[in-house]
Amino acid sequence: HYLHPYTNLKKHEVEGPLVVTGGKGIYIRDEAGKDYIEGMAGLWCTSLGFSEQRLVDAAHRQMQALPYYQIFASRSTEPAIELSERLLGLTREFGFDKALFANSGSEANDAAVKLAWYYFNATGRPKKKKLIGRVRGYHGVTVMTASLAGIPSLHADFDLPVPGILQADCPSRYFYGQPGETDAQFVDRLVGNLEALIAREGADTIAAFFAEPVQGAGGVIVPVPGDWEKVQQVLKKHDILL
């Protein structure tokens, strides 16, 4: 009765779904009573485990008090305020001073694109609109965030990516290193390619660079040491948001 994302639908017609009926800690249980270790924590969003009693109790209390309310037009709720304060307490050292909530990672990255475009429009640089993603990067499945992704299967048959999307190298020496190349040489080559891409397109046309600290769906790729530091230096020099 419903479509499953990231699913071979022909195979699904024959074999049917894995129906999950419960979970506890790191385990989930299917309708036949078989337990599995859920190594991906759902889709990386149940990091405290399944059926965590503190979360059950907190959700029950909130459902009784106020199940839902929106925060448009200067409305707010105490949980939203408290959560914002807690998040900023954890991240203020990185320069964050506001929280903007979203319903998913895809929506969050869509909002980030809009904010980048809004910022450069507001500061009198309306040509800075292009966006850079990375090969093997993953940022969501909306039209914009799938375009930013560097995974061909997210583009095929969907007429993606949309115009204005550029791709930089993947920071995996395992997949893309050259014979005899050291980590430092690999990083220098990638940074040189990024500089060449920016020069070719024009820094005054590029708004933002989207990248994961660890590339998840593209292969759980941990960037080579030194990659982030040098990439950030390049972006800062050309006033490109990260």
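Residues numbered from 1 in each chain as written. Predicted model: local features only at pLDDT ≥ 70, side-chain atom pairs only at ≥ 80, totals over all residues. Heavy atoms only, no water.

(A) Structural context of the sheet that holds strand 1 (residues 20-24). Taken together, the three strands give an open sheet; going across it, the order is 1-2-3, and neighbouring strands pair in antiparallel fashion. Edge positions in the sheet fall to strand 1 and strand 3 (35-37), since each of these pairs with one other strand and no more. Mean inter-strand twist for the sheet, computed between neighbouring axes without regard to direction, equals 30 degrees. One ladder, built from four bridges, connects strand 1 with strand 2 (residues 27-30); its direction is antiparallel. (Pairing = 2+ DSSP bridges. Helix = DSSP H or I, 4+ residues; strand = E, 2+ residues; numbered from the N terminus. Axes fitted to C-alpha atoms, helices over the stretch in contact; angles between N-to-C directions.)

(B) The pattern of salt bridges, seen in detail. For the structure on display, the rule yields ten salt bridges. For Glu195, the salt bridge identified is with Lys237, shortest N-O distance 2.7 Å. Taken together, the residues Glu195 in helix 8 (residues 183-201) and Lys237 in helix 9 (residues 227-237) connect sequence positions 42 residues apart. We classify Glu195 as partly exposed; its relative accessible area is 22%. (Salt bridge = Lys/Arg side-chain N within 4 Å of Asp/Glu carboxyl O. Buried < 20%, exposed > 50% of the residue type's maximum accessible area, 1.4 Å probe, protein only.)

(C) Fine view of the nonpolar core. Counting 17 residues, the largest nonpolar core has Ile132, Leu194, Ile198, Ile206, Phe209 and Ile240 as its most contacted members. Every element with two or more residues in this core is listed here: strand 5 (165-168), helix 8, strand 6 (206-209) and helix 9. Apart from residues lying up to four places away in sequence, Phe209 is in contact with Ile132, Arg134, Ala168, Leu194, Val231, Leu235, Ile240, Leu241 and Leu242. If you look at the next biggest cluster of nonpolar residues, it comprises ten residues, including Phe120, Leu131, Ala207 and Ala208. (Core = buried A, V, L, I, M, F, W, Y, C linked by side-chain atoms within 4.5 Å. Contact = heavy atoms within 4.5 Å.)

(D) Spotlight on the sheet that holds strand 4 (residues 130-134). Reading across from one edge, 5-4-6 is the order of the three strands in this open sheet, with parallel pairing throughout. Strand pairing shows two members of the sheet lacking a second neighbour, strand 5 and strand 6, which therefore form its edges. The sheet shows a mean angle of 30 degrees between the axes of neighbouring strands, direction not considered. Across the sheet, helix 5 (residues 105-122) touches strand 4 and strand 6, and the angle it forms with strand 6 is around 145 degrees.

(E) Expanded view of helix 8. Here helix 8 contains 19 residues, and its C-alpha end-to-end distance of 27 Å stays within 8% of the 27 Å for a straight helix at 1.5 Å per residue. Considering only its buried residues, helix 8 is in contact with strand 4, strand 5, helix 7 (173-176), strand 6 and helix 9. Phi turns positive one or two residues past the end of helix 8, at Gly202, with a value near 95 degrees. (Expected span 1.5 Å × (residues − 1).)

(F) The arrangement of empty space enclosed by the protein in detail. For the structure on display, the rule yields one cavity of 30 Å³ or more. Within this model, the largest cavity holds a volume of roughly 60 Å³. Every residue along the wall of the largest cavity is listed here: Arg134, Ala168, Asp169, Val187, Leu190, Val191, Leu194, Phe209, Asp227 and Val231. A total of four residues in the lining of the largest cavity trace back to one element, the largest contributor, which is helix 8. Along the lines of polarity and charge, the residues of the lining of the largest cavity split into seven nonpolar, no polar and three charged. (1 Å grid on protein atoms, 1.4 Å probe; cavity = no way out; pocket = protein on both sides within 12 Å on 5 of 7 lines; lining within 4 Å. Points joined across faces, edges and corners; volume = space filled by probe spheres on them. Nonpolar A, V, L, I, M, F, W, Y, C, P; charged D, E, K, R; others polar.)

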